[in-house]
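Observations on chain architecture
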Amino acid sequence: MILTHADCDGMCAGAIALARFPGAGVFFTKPVSLCDDIKATDAEKIIILDIAVNRAEQQKFMKAVQEKQSSIMYFDHHPLQREAKAKLSGMLEFFAHDEKASSSELVYRRFQKDLPKEMVWPALYGAIGDYSEDTDFVRKQIASWDKRTINFEVCMISLGTKNEQFSSYDAKRTIVRALASGKNPSDIEGLVESSTDAVNREFDLYKVVKKRARTLGKIGYLSDTPSFGFRGPAALFAATATGRPVGVCVYRREKYLDITIRAREPNIPLNRLAEQASEFVKGSGGGHESAAGAKIPFGTLEQFLKKMNELMKA
Ligand SMILES: [Mn+2]
């Protein structure tokens, strides 16, 4: 059984694992449901891909792994403390963790010798789709192919799945199976049209952000993001439209504010900002250095943004 993340890197990593174990089932999960899904999975071998283990869930995760009879392989690149990393290496059948590389790269490198060499394409798609292409592996591999073609195919996955037609787990499983069978993303019926549509909607979103974005210190922000599906670009556009280094977009959920954070400049550790600023307003947050998010209580946005500014000065 393959338990993977439903984003571009997760789908591509899933496809590579599926190509290696064609009989496997593919199940999409998230950090919050990973432990329960491990417990509920009845399989000889479980491969976990691209799912972070949040600090709060670590004990539970280790317990779930230890209690499971199945052999478990785990490939991930989300931030993890050194002690947890050492402990996990001791209890898993195989554990690959590298914050610099994508999960697709990590799983491809592990199974490479048992796969056709074209299976490196999904590894490249996953890496580029996850902004993790700055590795020796990707640089070396991409030199063997037409970079523009690879980038085109990445966009079919990352943009094509932004539309409703391809955003369900079932539709994403179809993509994983197609990639595992050696098809290209552009071979999948409807995916090219879906990507084109997503691009058009993204440009429309930019127009909205340009009109509505406000600023607080070094942050450009949009407090009423119209669609949750485009939150990464919306956050980035909020920075771009206001000429600020950091952009934030806020999406109103039923019980909390969903915050997405992006930056236009390098070396701003967004995950640290998200974690500390959200803790300050009794929320939670984290992510990658260049792409982070948080959940905060209603009415705390201004405090949250002020704290982020404060942390950036420090
Ligand atoms: Mn990933």
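Residues numbered from 1 in each chain as written. Predicted model: local features only at pLDDT ≥ 70, side-chain atom pairs only at ≥ 80, totals over all residues.

Points about the overall build of the protein
Helix and strand content of the protein: 13 helices and 11 strands. Relative to the compact-globule value of 20 Å for 314 residues, the protein shows a C-alpha radius of gyration of 19 Å, a close match. Considering only C-alpha atoms, the protein reaches an extent of 50 × 45 × 35 Å along its principal axes. Among the 314 residues that make up the protein, the fraction classed as buried is 44%. Put simply, 61% of the contacts in the protein that link residues at least 6 apart link residues at least 24 apart. (Helix = DSSP H or I, 4+ residues; strand = E, 2+ residues; numbered from the N terminus. Rg over C-alpha atoms; globule rule 2.2 N^0.38 Å. Buried ≥ 20, exposed ≤ 12 C-beta atoms within 10 Å, placed from the backbone. Contact = placed C-beta atoms within 7 Å.)

A closer look at the nonpolar core
Judged by nonpolar contacts, the single largest core of 57 residues is most densely connected at Cys12, Ala15, Ile16, Leu49 and Leu124. Broken down by element, the residue count for this core peaks at nine residues, all from helix α1 (residues 8-20). With residues up to four places along the chain from it excluded, the contact list for Ala15 reads Pro122, Val176, Leu179 and Ala180. In terms of nonpolar packing, the next biggest core, distinct from the first, is built from 35 residues, Val209, Phe237, Ile268 and Ala292 among them. (Core = buried A, V, L, I, M, F, W, Y, C linked by C-beta atoms within 7 Å.)

What to know about the sheet that holds strand β10 (residues 284-287)
Here six strands make up an open sheet; going across it, the order is β6-β7-β8-β9-β11-β10 and the pairing mixed. Each edge of the sheet is formed by a strand with only one pairing partner; in this case those strands are β6 (214-216) and β10. Here the strands of the sheet are splayed against their neighbours by 25 degrees on average, with no regard to which way each runs. Strand direction decides the pairing type here: strand β8 (residues 246-252) and strand β9 (residues 257-263), joined by seven bridges, are antiparallel. Its bridge partner lying in β9, Tyr251 is registered against Asp258. Relative to the sheet, helix α11 (residues 231-242) contacts β6, β7 (219-222), β8, β9 and β11 (291-296), its axis offset from that of β8 by approximately 135 degrees. (Pairing = 2+ DSSP bridges. Axes fitted to C-alpha atoms, helices over the stretch in contact; angles between N-to-C directions.)

Regarding the environment of Glu254
On the secondary structure map, Glu254 appears in the loop between β8 and β9. Judged by C-beta crowding, with 4 C-beta atoms within 10 Å, Glu254 ranks as exposed. Sequence separation of Glu254 and Phe237 is 17 residues, and the distance between their C-alpha atoms is 25 Å.

Some details on the packing of α1 against helix α5 (residues 103-111)
The N-to-C vectors of α1 and α5 enclose an angle of 15 degrees; their axes lie 8 Å apart at closest approach. Taken together, α1 and α5 sit at an angle that is classed as roughly parallel. The chirality of how α1 crosses α5 is left-handed. Facing Asp9, Gly10, Cys12, Ala13, Ile16, Ala17 and Arg20 of α1, the residues of α5 in contact are Ser103, Ser104, Val107, Tyr108 and Phe111. A breakdown of the residues in the contact of α1 with α5 according to their chemical character gives seven nonpolar, three polar and two charged. (Parallel < 35°, antiparallel > 145°, perpendicular 65-115°, else oblique. Left-handed = near helix turned anticlockwise from the far one by under 90°. Nonpolar A, V, L, I, M, F, W, Y, C, P; charged D, E, K, R; others polar.)

A look at the pairing of β8
Burial runs high along β8: six of the seven residues are buried. Inspection of the sheet shows β7 paired to β8 by four bridges, in the parallel sense. Bridge pairing links Gly220 to Gly247 in β8. Handedness of the β-α-β unit built from β7, α11 and β8 comes out right-handed. Taken together, β8 and the strand that follows it, β9, pair antiparallel across an intervening segment of four residues. (Right-handed = clockwise from strand over helix to strand, strands pointing away.)

Description of unusual backbone geometry
The phi torsion at Tyr131 lies on the positive side, around 55 degrees, for a residue other than glycine. With respect to the helices and strands, the residue Tyr131 is situated in the loop between α6 (120-129) and α7 (136-142). According to the C-beta neighbour criterion, Tyr131 is partly exposed, with 15 such atoms within 10 Å. One non-glycine residue, Asn267, lies in positive phi territory at about 65 degrees.

Structural notes on the domain arrangement of the protein
By a widely used convention, the size of an interface equals the accessible area lost when the partners come together. Its domain assignment divides the protein into domain 1 (2-193) and domain 2 (213-313). Inter-centroid distance (C-alpha atoms) of domain 1 to domain 2 is 26 Å. (Domains from an automatic or database assignment.)

Quick look at the sheet that holds strand β4 (residues 71-76)
Pairing within the open sheet is parallel, and its five strands lie in the order β2-β1-β3-β4-β5. With one partner strand each, in any of the chains shown, β2 (26-28) and β5 (94-97) form the two edges of the open sheet. Neighbour-to-neighbour, the strand axes of this sheet turn through a mean angle of 15 degrees, independent of strand direction. With five bridges connecting them, strand β3 (residues 45-49) and β4 associate as parallel partners. Looking at the pairing, Leu49 lines up with Phe75 of β4. Along the sheet, α1 makes contact with β1 (2-4), β2, β3 and β4, crossing β1 at roughly 165 degrees.

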